[in-house]
Amino acid sequence: MAYFLQQLINGLTLGSIYGLIAIGYTMVYGIIGMINFAHGEIYMIGAFISIIALLVLGLAGVTCVPLALALVLLTTMFFTSIYGWAVERVAYRPLRGSPRLAPLISAIGTSIFLLNYVQILQGARGKPMPPLIQGGFTLYESGGFSVRLSYLQLLIILVTLALMAGFTTVIATTSLGRAQRACEQDIGMAALLGVDVDRVISTTFMMGAALAAVAGLMVTLYYGVVDFFIGFLAGVKAFTAAVLGGIGSLPGAMLGGILIGLIEAFWSGYFTVEYKDVSVFAVLILVLVFRPTGLLGRPELEKV
Amino acid sequence: MTAASGLAAENPARASADWVAELKDAGLAALAATLLALPLMGFQTYDVGGGALGVRTRFDWVAVAAAAVFAGRLMLRICHRLTPRRESRSDGILASLAASTSRLAMQATLAGLVFAVALPFLPFSSRYLTDLGTTVLIYVMLGWGLNVVVGLAGLLDLGYVAFYAVGAYTFALLARDLGLTFWEALPFSGLIAAGFGVVLGFPVLRLRGDYLAIVTLGFGEIIRIVLLNWSPVTGGPNGISDIPRPSFFGLPFARSAPEGCTTFHQFFGIEFAPDQRVVFLYFVILALALVTNLFTLRLRKLPIGRAWEALREDEVACRALGINPTNVKLSAFGIGAMLGGFAGCLFATRQGFISPESFTFTESATILAIVVLGGAGSQIGVVLAAILLVSLPELGRTFAEFRMLLFGAAMVAIMAWRPRGLLAHRDPSLRLAAHSKQGLSP
């Protein structure tokens, strides 16, 4: 029971991180109907920028941890969102209206480029980070096994919830959100009605990148080590989360992320660690075969 | 664009305003580059020992990057302005190469074939060049195999490397555990890979487009993870070594013959040279690649090939015409996988050693890039793209660490230049005789 609870907490934390990345996929897919293949790399870049920002702040003498974290969060979101903008500008915008495969290839090319760009600039070795936030609550104790919820895990879950609430409000109430929803329904019609489609798409990429940056910062804090190769697997898993929840649906992405996190945590806890990635891919395949619209998605109408 | 530059020439005030706009545009690009480069280029983390990290600044790099982007963007815009968009000469040549019936295409094919056959014997050729040629040919085979799935049937497959891996491991395991030789194992490699193709094809029959891409990517990763972790059979991360080399109709390539056996050089009474094996392998792969090409070209003219292309264009119409999409898709997956399996078998015998390292997602992406850059559906396009993408990183070995960076950038640049691929042209596979005459004389 205690073990189960502990895996539940670990899974929720991991799931929050996947959910944040998944939102980037689901928003971009909702609007332009394409997978942003470089999104995993954007998340990796977010993690690197956060580690650099932490080091720079440390050198600058900011010792108050909450202040440092807030500053790092803002800088990371800012710089990573520019990477998101650049990916759209370079890999997607010149190819708008081309055959579907073309943007996919250019996005894969961008992803390979970014991967090697970070590897060359920052080195291939993993970057260690000493834990900033230590300690936690002991929730439950039985038979020498205690269930712990660390402050960091709590922070990750709370920040994720807050960001989710914030983004849902933005999409639901602001004019930007209205433009995004309009583009999602019919991009050509939205353009005719005076929505600046290019700008909406750019903003969407930037918002997705900013959320991926938060996920990157959290992963840096949570695992304490970052390397240039984390983007690929996290990207595929987050995409799985987006599909599982129903692509195009924001709450779906979050739900899918949490489910994927839980599946991974329980699989590693009760079965084999080596095959935990296989479990995630298997879930993806099963979902697509039996419920292609995902848990909260709308069925896609086929037009002839 | 043309109208704008014409006006600019007449009106100097307007022209100067245009130049200001160009400078502003380049300035904005440079600003974006500065912001992009600042965190990752401007600061470098390094180990200070004891598991801690230090950070040092490199702002001069940021300045160089920004200046380069400014200059590059300005040049690009000026070039655009000076040469109004028109059909350039290279476009015409590529288009005529793409039409497989044109004279130029026939001549180019013939010349390429002669060159490929003569390559190992040319005065400037070396063992390295023959080896590179072998690599290119393996990728050409993979490209043609994937072309069946992506180019003809229109099914986007991002996990093609799985079948390549299955072919390679099938041969390696058959050779290790049952003692089969290359020629005996080759058919099994293809068959087992085809079996995997059909089995993996089943669950994804209903999917299309990007969903299909991500599921096939998942399959590719599952196969790789299984190969990596199923150590008792696959050797895990250490892979399988000592894979036998192919023999020339039973004559091995070795300096000294094993018991009761004649070697290739003894049989023909020539001097032994280590290059003989490399050249022989090159010809084996060339021959198999040509067979693959003939095979796919013939398939296109069979009902099944026509059904693939029909399915690519419109699945709903296909169903209405009584084509069974299940069989058509599964056959495309199966045949594509079989060709991948053959290529895997060749790869294994060439390397003599395989491990899961060789079958990563980057490999799948490279093969897909070859097909798409070549112009999906075009056989010559695949060859051109394979030569380009395989030799580009090879030439780039001088700046070893930058080669994958350049590879990624080249993928983006070529897609931006020709979104439909280098040779984007679709020959109608069937024409009505009367219509074709009308169609040809405008």
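Quantities reported herein were computed from a predicted structural model and do not represent experimental measurements. (Residues numbered from 1 in each chain as written. Chains lettered and ligands numbered in written order. Predicted model: local features only at pLDDT ≥ 70, side-chain atom pairs only at ≥ 80, totals over all residues.)

Enquirer: Explanation requested: the overall build of chain A in the structure shown.
Expert: A count of helical and extended segments in chain A gives 11 helices and four strands. Taking 304 residues into account, the globule formula puts the C-alpha radius of gyration at 19 Å, and chain A, at 19 Å, falls close to it. If one aligns the C-alpha atoms of chain A with their principal axes, the spans along those axes are about 65 × 50 × 35 Å. For chain A, buried positions account for 51% of its 304 residues. In chain A, 75% of the contacts between residues at least 6 apart in sequence involve partners at least 24 apart. (Helix = DSSP H or I, 4+ residues; strand = E, 2+ residues; numbered from the N terminus. Rg over C-alpha atoms; globule rule 2.2 N^0.38 Å. Buried ≥ 20, exposed ≤ 12 C-beta atoms within 10 Å, placed from the backbone. Contact = placed C-beta atoms within 7 Å.)

Enquirer: Explain the overall build of chain B here, please?
Expert: When helices and strands are tallied, chain B shows 19 helices and four strands. Burial statistics for chain B: of 442 residues in total, 38% are counted as buried. Contacts in chain B between residues at least 24 apart in sequence constitute 74% of all its contacts with a sequence separation of at least 6.

Enquirer: Which parts of the structure should I look at to understand the environment of Thr220 of chain A?
Expert: Residue and element names in this part refer to chain A. Along the chain, Thr220 turns up in helix α8 (residues 197-223). Using a count of 25 C-beta atoms within 10 Å as the deciding quantity, one classes Thr220 as buried. Note: C-alpha distance between Thr220 and Met129 (91 residues apart in sequence) is 7.2 Å. In this view, Thr220 contacts Ala47, Ser50, Ile51, Met129 and Val226; residues no more than four positions away in its chain are not counted.

Enquirer: Can you help me understand the interface of chain A and chain B in this one?
Expert: Bring the parts together and some accessible area is lost; that lost area is often taken as the interface size. At the interface, 53 residues of chain A touch 50 residues of chain B. Sorting the residues of the side of chain A that touches chain B by element identifies α2 (39-60), α3 (65-92), α4 (101-122), β1 (127-128), α9 (230-245) and α11 (276-290) of chain A as the ones contributing at least two each. Sorting elements by how many residues they give to the side of chain A that touches chain B places α4 of chain A first, with 16 residues. Among the residues forming the side of chain A that touches chain B, the class breakdown is 42 nonpolar, six polar and five charged. (Nonpolar A, V, L, I, M, F, W, Y, C, P; charged D, E, K, R; others polar.)

Enquirer: What is the right way to read the packing of helix α8 (residues 182-201) of chain B against helix α15 (residues 325-351) of chain B from this model?
Expert: Residues and elements named next belong to chain B. For the pair α8 and α15, interaxial distance at closest approach is 7 Å and the crossing angle is 145°. Pair α8 / α15 crosses with right-handed handedness. Tallied by class, the residues present in the contact of α8 with α15 amount to 15 nonpolar, 10 polar and one charged. (Axes fitted to C-alpha atoms, helices over the stretch in contact; angles between N-to-C directions. Left-handed = near helix turned anticlockwise from the far one by under 90°.)

Enquirer: Help me understand the packing of α9 of chain A against α11 of chain A, please; the structure alone is not making it clear to me.
Expert: Each pair of packed helices gets described by two things: the angle between the helix axes and the distance between those axes. Residue and element names in this part refer to chain A. Packing of α9 against α11 brings their axes to within 10 Å, and their N-to-C directions diverge by 30°. Viewed along their axes, α9 and α11 adopt a mutual orientation that is roughly parallel. The interaxial crossing formed by α9 with α11 has left-handed handedness. Of α11, the residues touching α9 (which contributes Leu233, Lys237, Thr240, Val243 and Leu244) are Asp277, Val280, Val283, Leu284, Val287 and Leu288. Along the lines of polarity and charge, the residues of the contact of α9 with α11 split into eight nonpolar, one polar and two charged. (Parallel < 35°, antiparallel > 145°, perpendicular 65-115°, else oblique.)

Enquirer: Explanation requested: helix α6 (residues 175-185) of chain A in the structure shown.
Expert: An α-helical turn contains 3.6 residues, so any two residues separated by three or four positions project in the same direction. All names here are of chain A. Taken together, the buried positions of α6 are occupied by Ala179, Gln180 and Cys183. One face of α6 carries all of its buried residues, which in axial projection span an arc of 100°. Contacts from the buried residues of α6 go to α1 (2-32), α5 (151-173), α7 (187-192) and α8. (Arc of directions from axis to C-beta.)

Enquirer: Is there a simple way to think about the environment of Ala47 of chain A in this case?
Expert: Residues and elements named next belong to chain A. Following the sequence through the fold, Ala47 ends up in helix α2. Here the alpha-carbon distance between Ala47 and Thr76, two residues 29 residues apart in the chain, equals 8.2 Å. Each residue touching Ala47, except ones within four places of it in the same chain, is listed here: Gly216, Val219, Thr220, Val226 and Ile230.

Enquirer: What am I meant to see in the environment of Leu233 of chain A here?
Expert: Within the secondary structure, Leu233 of chain A is located in helix α9. Separated by 30 residues in the primary sequence, Leu233 of chain A and Thr203 of chain A have C-alpha atoms spaced 25 Å apart.

Enquirer: Before we go on, may I ask you to explain the confidence of the model for chain B in this structure?
Expert: Any region with low pLDDT has predicted coordinates that should not be read closely. Taken residue by residue, chain B gives an average pLDDT of 80. The fraction at 70 or more is 81%. Segment residues 1-9 of chain B is flagged for pLDDT under 50; beyond a separation of four residues in sequence, or across chains, it makes nine contacts in the model. (pLDDT = per-residue confidence, 0-100.)

Enquirer: Looking at this structure, how should I read α1 of chain A?
Expert: Residue and element names in this part refer to chain A. Given a rise of 1.5 Å per residue, 31 residues ought to cover 45 Å, and the 45 Å separating the end C-alpha atoms of α1 matches this to within 8%. Burial analysis of α1 places 23 of its 31 residues in the buried class, which makes it a mostly covered element. Taken from the residues just after α1, Gly33 is the one with a positive phi, measuring 65°. (Expected span 1.5 Å × (residues − 1).)

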